[in-house]
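Descriptive analysis of the structure
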Amino acid sequence: MLLSDILMLMICGSISGFLAGLLGIGGGMILVPFMILVFNHLGFDQEVIVHMAIATGMATILFTTTSAIWAHHKHGSIDWKLVASLSPGLVAGSLIGGSEIFEALNTSWLSLFFAIFIVYTSIQMILNKKPSAGRELPGALGLFSFGAFAGGLASLVGAGGAFITVPFMLWCNVKPHTAMATSSGLGFPIAAAATIGYMYGSWGLPNLPAGSLGFVYLPAVACIVAVSILTAPLGAKMARKLNVTQLKRIFGVMLLMLAVFMFNESRKAFGF
């Protein structure tokens, strides 16, 4: 990689790490469009660029969530009992989604699916709409079923799952601050299982560049993680001081701009 590529990845990594701690998101959705630019610049095969960007972004979540988890854990904000209850389903869904479904999707449909996901997430953040409290958490079977669904969906878009786990926890009367912090804890099993699934499902593909473990491009992971693990605790610290609602709206507008880029990538992949 050229110095310009390394700097872009490190800048994006610092931002994604900060947002992981601040908003409880994995940061992968920010990284993917920029990694597509870098991978295009490096001349990677067009058939695997989007897959590699999403898988590599998810791999970095392993490290950003670990840093954010520690920061939230020190303040007793994470419901570890809930993390333990949801993790089996999350792991199962992420493994299946990452290994069986992800590789089967071609670049055009994956780009379109990711763009739609970004639009949905950005609208949620701009409106800051909170679901009305409904009931208590379901039993073991209900938690496993929801976890499998959330893990499978998160593995397809390279996200830590907060976009679906936080609304679910709020709907089940989990306190908002606890839900945001717990989503960091839930992001780790999703990222771990999905990353293993990505690597397993794409192992041995002939059109992957040197330095890859399946769809995961290790040099990019190293560049991003080197800075994101430093900025994630800063984001967690700032979350207790700043107006997160306003920041979410600003971030939502930024995501809409990134969605335009991804829709354009999808258009080119479809040949329009």
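Keep in mind the model is a prediction, meaning the values are calculated, not measured.

In this section: the environment of Gly-214. Positionally, Gly-214 belongs in the loop between strand E1 (212-213) and strand E2 (216-217). As for Gly-214 and Gly-201, which are separated by 13 residues in sequence, their C-alpha atoms are 7.5 Å apart. Once residues lying within four places of it in the same chain are set aside, the contact partners of Gly-214 are Met-199, Ser-202, Trp-203 and Leu-208.

A positive phi is found at Asn-173, a non-glycine position, where the angle reads about 70°. With respect to the helices and strands, Asn-173 occurs in the loop between helix H7 (162-171) and helix H8 (176-202). Taking the relative accessible area as the measure of exposure, Asn-173 reaches 45% and is therefore partly exposed.

Right, let's talk about the packing of helix H4 (residues 80-101) against H8 for a bit. It is at 7 Å that the axes of H4 and H8 come closest, and there the two elements cross at 25°. By the angle class used here, H4 and H8 are roughly parallel. As H4 packs across H8, the resulting crossing turns out to be right-handed. Between H4 and H8, the contacting residues are Leu-82, Val-83, Leu-86, Ser-87, Leu-90, Val-91, Ser-94, Leu-95, Gly-98 and Ser-99 on the first element and Thr-182, Gly-185, Leu-186, Pro-189, Ile-190, Ala-193, Ala-194, Ile-196, Gly-197, Tyr-198, Tyr-200 and Gly-201 on the second. Considering only residue class, the contact of H4 with H8 consists of 14 nonpolar, eight polar and no charged.

Turning our eyes to something else, we now look at the nonpolar core. Grouped together as the largest cluster of nonpolar side chains are 73 residues, with contacts concentrated most on Phe-39 and Phe-114. Here this core takes eleven residues from helix H3 (residues 49-73), the largest share from any one element.

With that out of the way, let us pick up the confidence of the model for the protein chain. Chain-level statistics for the protein chain give a pLDDT mean of 82 and a share of 90% at 70 or above. Mean pLDDT values over the elements of the protein chain span from 72, in helix H10 (residues 244-270), up to 94, in E2.

In this section: the packing of aromatic side chains. Two aromatic rings are characterised by how far apart their centres lie and by the angle between their planes. Considering all chains together, one arrives at six aromatic pairs under this definition. Judged by centre distance (5.1 Å) and plane angle (75°), the ring pair of Phe-44 and Tyr-217 falls under edge-to-face. With Phe-44 in the loop between helix H2 (28-41) and H3 and Tyr-217 in strand E2, this pair connects stretches of sequence that are 173 residues apart. Taken individually, Phe-44 and Tyr-217 each receive the classification buried, so the pair is uniform in this respect. Ring pairing ties together the aromatic residues Phe-39, Phe-44 and Tyr-217, which thus form one cluster.

End to end, helix H6 (residues 140-157) covers 26 Å across 18 residues, agreeing with the expected 26 Å (1.5 Å per residue, within 8%). Listed in full, the buried residues belonging to H6 are Leu-143, Phe-146, Gly-147, Ala-150, Gly-151, Gly-152, Ala-154, Ser-155, Leu-156 and Val-157. Directly after H6, the chain includes Gly-158, whose backbone phi takes a positive value near 70°.

Moving on, we come to H4. Here H4 contains 22 residues, and its C-alpha end-to-end distance of 30 Å stays within 8% of the 32 Å for a straight helix at 1.5 Å per residue. Of all the bends in H4, the largest measures some 40° and sits at Ser-87, one to four residues before the proline Pro-88. When H4 is considered as a whole, its buried residues turn out to be Leu-82, Val-83, Leu-86, Ser-87, Gly-89, Leu-90, Gly-93, Ser-94, Gly-97, Gly-98 and Ser-99. Where H4 is buried, its residues contact H6, H7 and H8. You can read the cap of H4 off the contacts: a side-chain oxygen lies 3.2 Å from the backbone nitrogen of Lys-81, and it is on Asp-79.

About the thresholds
Residues numbered from 1 in each chain as written. Predicted model: local features only at pLDDT ≥ 70, side-chain atom pairs only at ≥ 80, totals over all residues. Heavy atoms only, no water. Helix = DSSP H or I, 4+ residues; strand = E, 2+ residues; numbered from the N terminus. Contact = heavy atoms within 4.5 Å. Buried < 20%, exposed > 50% of the residue type's maximum accessible area, 1.4 Å probe, protein only. Axes fitted to C-alpha atoms, helices over the stretch in contact; angles between N-to-C directions. Parallel < 35°, antiparallel > 145°, perpendicular 65-115°, else oblique. Left-handed = near helix turned anticlockwise from the far one by under 90°. Nonpolar A, V, L, I, M, F, W, Y, C, P; charged D, E, K, R; others polar. Core = buried A, V, L, I, M, F, W, Y, C linked by side-chain atoms within 4.5 Å. pLDDT = per-residue confidence, 0-100. Phe/Tyr/Trp six-rings, centres within 6.5 Å; stacked < 30°, edge-to-face > 60°. Expected span 1.5 Å × (residues − 1). Bend = angle between axes of the 7 residues up to and from the residue. Polar contact = N/O pair within 3.5 Å; in protein donor to acceptor, adjacent residues only side chain to side chain.

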